[in-house]
Amino acid sequence: MNRRTVFVLFVLVLGLTLLQGCAAKTAHRAQAGPLGTAAAGEEEAIPEDETYPDSLETVNRGIFAFNDGFITHLFSPVDTVYTGFFPQDVRNGFGNFYRNLGYPVRLVNALLQLRLDKVAKETASFALNTVFGVGGLFNVTRNMPGLQSSPEDFSQTLAFYGLGSGTYVVLPFLGSTTVRDVVGTVADSFLHPLSLITPDSARYALIGHDKANTASANLPAYKTLKEESFDHYTSMKDVYFQYRRGLEQE
Amino acid sequence: MKRLVLFFVLFPALALAMTSPTDYVRTNVDAVVAILTDPQLQGEEKKSEQMLRIESVVDGIFDSQELSKRALAQHWKLFREDQRQEFQKLFLELIKHAYLKKSIAYNNEVVQYNQELVKSETLAEVHTVLTSPTVNMPIIYYMIRRDDSWKVYDVSVENVSLVKNYRSQFQSILQNSSPDQLIAILREKIHE
């Protein structure tokens, strides 16, 4: 099965799930009374309960538990070696480099969403970070308020055109996502410069390093969330949806 | 001048009106940072004193009723008055602990106050960015005006609201548990 076939399959799955998602969204809106939008008096501040589509919850919880075991018993000890070997500044440099490299993805999706302000910001940031940040290793635009822009991706583009997220999915090793985000990630990968690298082994090594480096940076937050939560799975799902919905609105 | 002083003595609410939500957050954040960077309070043996002092600042920042009401959402109505009181006390304790833990990780970050959105006479948002050499982290303080001061009823980091996150979890727990059981779970968590 080549990558194009995989992509077509994902689009088909997305289509089906989005139909479900949209229907669920409409039903949810119809149920949500005026309480959610604030009324007068004592009940004014009581918000409606959040609902996130999770039709695969049983399976998701199983994979989530597997991933948590993987993170705790394998990734975390390896991460201790990794962070001991590469100082924080070097790891930040890796992160900056990969983020800068993802410019085509952010550019095309900003264009698709007609966000010309973001197109300009992303382009200026990419140029400055590539030239003055040694190929993107240093994020020289980080403290330039005029150039800050939340990253766009294909899943957000689909949301922009009215498509729902589809159900929540927990993937082995890769963790939280939604059906729309899976499709978005696959579509974006075609635009990512790393996908052009040959041979395959070098490409997968770099993509793997990018993911692992990001996961390493997020590990302390993951541990804190686990420690402070009552229901780790629900807490993680909520963080994922809140974060992604926040990006969609920016 | 005397008249002016008398005016403010008689109308403290008007004097208070001059304290903006941003000023309130800034004053408290500055107080916490001052304790964290106080040379007299460095070192392991001073840790507990440092924490006690931060706790005394944090004690008054949050509005426990609003925090709880929003975290329980529709379930708030199912709680009796005594259960509400108990829940408020424990939930505030939990939020305070989380805040204290995060403050220990303080590493010379600087807080920038970017925007203040006044939503109504009683509600406001203070948009800040926590900047360190490695990350810029947007933090929003959601404020409610009580009789004598502004109070924080939610904090969001990178668009993720703390109270909403607890709401999702409480909602999931309350599907199969009673308010008393949730209160017991909360108590257990605090004593972990």
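A brief look at the structure comes next.

Rules used throughout
Within every chain, residues take consecutive numbers counted from 1 along the sequence as written. Chains carry letters from A onward and ligands carry numbers from 1 onward, assigned in written order. Confidence filtering applies because this is a predicted model: local features only for residues at pLDDT of at least 70, side-chain atom pairs given and counted only at 80 or more, and all residues used for totals across whole chains, interfaces and linings. Hydrogens and water are ignored here; the side-chain numbers use all heavy atoms of the structure. Here, two residues are considered to be in contact whenever any of their heavy atoms come within 4.5 Å of each other. Two parts placed together each lose some accessible area under a 1.4 Å probe, and the buried area is that loss summed for both. Whenever a carboxyl oxygen of Asp or Glu lies within 4 Å of a side-chain nitrogen of Lys or Arg, that contact is scored as a salt bridge. Among the buried residues, those of types Ala, Val, Leu, Ile, Met, Phe, Trp, Tyr and Cys that are joined through side-chain atoms within 4.5 Å form a nonpolar core. Exposure classes here rest on a 1.4 Å probe applied to the protein chains alone. A residue is buried below 20% of its type maximum, exposed above 50%, and partly exposed in between. To qualify as a helix, a DSSP run of H or I must reach at least 4 residues; to qualify as a strand, a run of E must reach at least 2; elements of each kind are numbered from the N terminus. Under the convention used throughout, the expected extent of a helix is 1.5 Å for every residue step, that is, one less than its residue count. Polar contacts, as counted here, are pairs of nitrogen or oxygen atoms within 3.5 Å of one another; within protein the pair requires one atom able to donate a hydrogen and one able to accept it, and residues that are adjacent in sequence qualify only if both atoms are side-chain atoms. Here the axes come from fitting lines to C-alpha atoms, over the contacting stretch only for helices, and the angles between their N-to-C directions go from 0 to 180 degrees. Here is the rule for angles: anything less than 35 degrees is roughly parallel, anything more than 145 is roughly antiparallel, 65 through 115 is roughly perpendicular, and the remaining ranges are oblique. Any two rings among Phe, Tyr and Trp, with Trp reduced to its six-membered ring, count as a pair given centres within 6.5 Å; such a pair is stacked if its planes are under 30 degrees apart, edge-to-face if over 60, and tilted if neither. Definition used: whenever NZ (Lys) or CZ (Arg) falls within 6 Å of the ring centre and also within 35 degrees of the ring normal, the charge is taken to sit over that ring.

**Topic: the interface of chain B and chain A**
Counting residues at the interface gives 36 residues for chain B and 31 residues for chain A. Across the interface of chain B and chain A, roughly 2,900 Å² is buried in total on both sides, 48% from carbon and sulfur atoms. Considering only the surface of chain B that becomes buried against chain A, Gln74, Asn159 and Gln169 of chain B emerge as the three largest contributors, covering 18% of it. Across the contact surface, chain B and chain A share 1 salt bridge.

**Here we look at the nonpolar core**
Counting residues in each nonpolar core, the largest one holds 43 residues, and the members touching the most others are Phe62, Phe87, Phe91, Tyr141, Met143 and Phe170 of chain B. At 7 residues, helix α6 (residues 81-104) of chain B tops the list of elements feeding residues into this core. Among all residues touching phenylalanine 62 of chain B, those that are not within four sequence positions of it are Leu67, Leu92, Ile95, Tyr99, Lys151, Val152 and Val155 of chain B. Counting 13 residues, the second-largest nonpolar core is a separate cluster that includes Ile63, Tyr222, Tyr233 and Met236 of chain A.

**Observations concerning helix α7 (residues 179-191) of chain A**
When the terminal C-alpha atoms of α7 of chain A are compared, their 19 Å separation across 13 residues agrees well with the 18 Å that a helix rising 1.5 Å per residue should span. Looking only at α7 of chain A, the buried set comprises Val179, Arg180, Asp181, Val182, Val183, Gly184, Val186, Ala187 and Asp188 of chain A.

**Remarks on the side chain of serine 216 of chain A**
Residues and elements named next belong to chain A. Relative to the elements of secondary structure, serine 216 occurs in helix α8 (residues 200-228). The class for serine 216 is buried, based on a relative accessible area of 6%. A polar atom in the side chain of serine 216 sits 2.6 Å from the side chain of aspartate 79. Discounting residues that sit within four places of it in the chain, serine 216 has contacts with Phe75, Asp79, Tyr82, Thr83 and Arg91.

**Structural notes on the pattern of salt bridges**
Pairing between side chains becomes possible if they bear opposite charge and their charged atoms approach one another. Residues and elements named next belong to chain A. The final tally for this structure, using the stated rule, is 23 salt bridges over all chains. The residue lysine 237 makes a salt bridge to aspartate 54 at a minimum N-O spacing of 2.9 Å. Of the two residues, lysine 237 is situated in helix α9 (residues 232-249) and aspartate 54 in the loop between α1 (3-31) and α2 (57-85); the sequence distance between them amounts to 183 residues. Aspartate 54 sits in the buried class, given a relative accessible area of 13%.

**Considering the environment of asparagine 96 of chain A**
All names here are of chain A. By secondary structure assignment, the location of asparagine 96 is in helix α3 (residues 88-101). With a relative accessible area of 15%, asparagine 96 lands in the buried category. Expressed as a C-alpha distance, the spacing of asparagine 96 and leucine 107, which sit 11 residues apart in the sequence, is 17 Å.

**As for the packing of helix α5 (residues 64-72) of chain B against helix α7 (residues 162-174) of chain B**
All names here are of chain B. Following both chains from N to C, one finds α5 and α7 inclined at 55°, their axes separated by 7 Å at the closest point. Comparing their axes, α7 and α5 come out oblique. Across the interface between the two elements, Leu67, Arg70, Ala71 and Leu72 from α5 touch Val163, Tyr166, Arg167, Phe170 and Leu174 from α7.

**Observations concerning the packing of aromatic side chains**
Working definition: an aromatic ring pair is given by the centre-to-centre distance plus the angle between the planes. A complete count under the given rule lists 24 aromatic pairs over all chains for this structure. Seen from their ring centres, phenylalanine 87 of chain B and phenylalanine 170 of chain B are 5.5 Å apart, and the 80° between their planes marks the pair as edge-to-face. With phenylalanine 87 of chain B in helix α6 and phenylalanine 170 of chain B in helix α7, this residue pair connects regions lying 83 residues apart in the sequence. Looking at phenylalanine 87 of chain B, the relative accessible area reads 0%, which means it is buried. Joined through ring pairs, the aromatic side chains of Tyr52, Phe64, Tyr168, Tyr233, Tyr240 and Phe241 of chain A make up one cluster. Over the ring of tyrosine 113 of chain B we find arginine 26 of chain B; its NZ or CZ atom is 4.5 Å from the centre of that ring. For the cation-ring pair, lysine 189 of chain B lies above phenylalanine 230 of chain A, with the distance from its terminal atom to the ring centre recorded as 5.9 Å.

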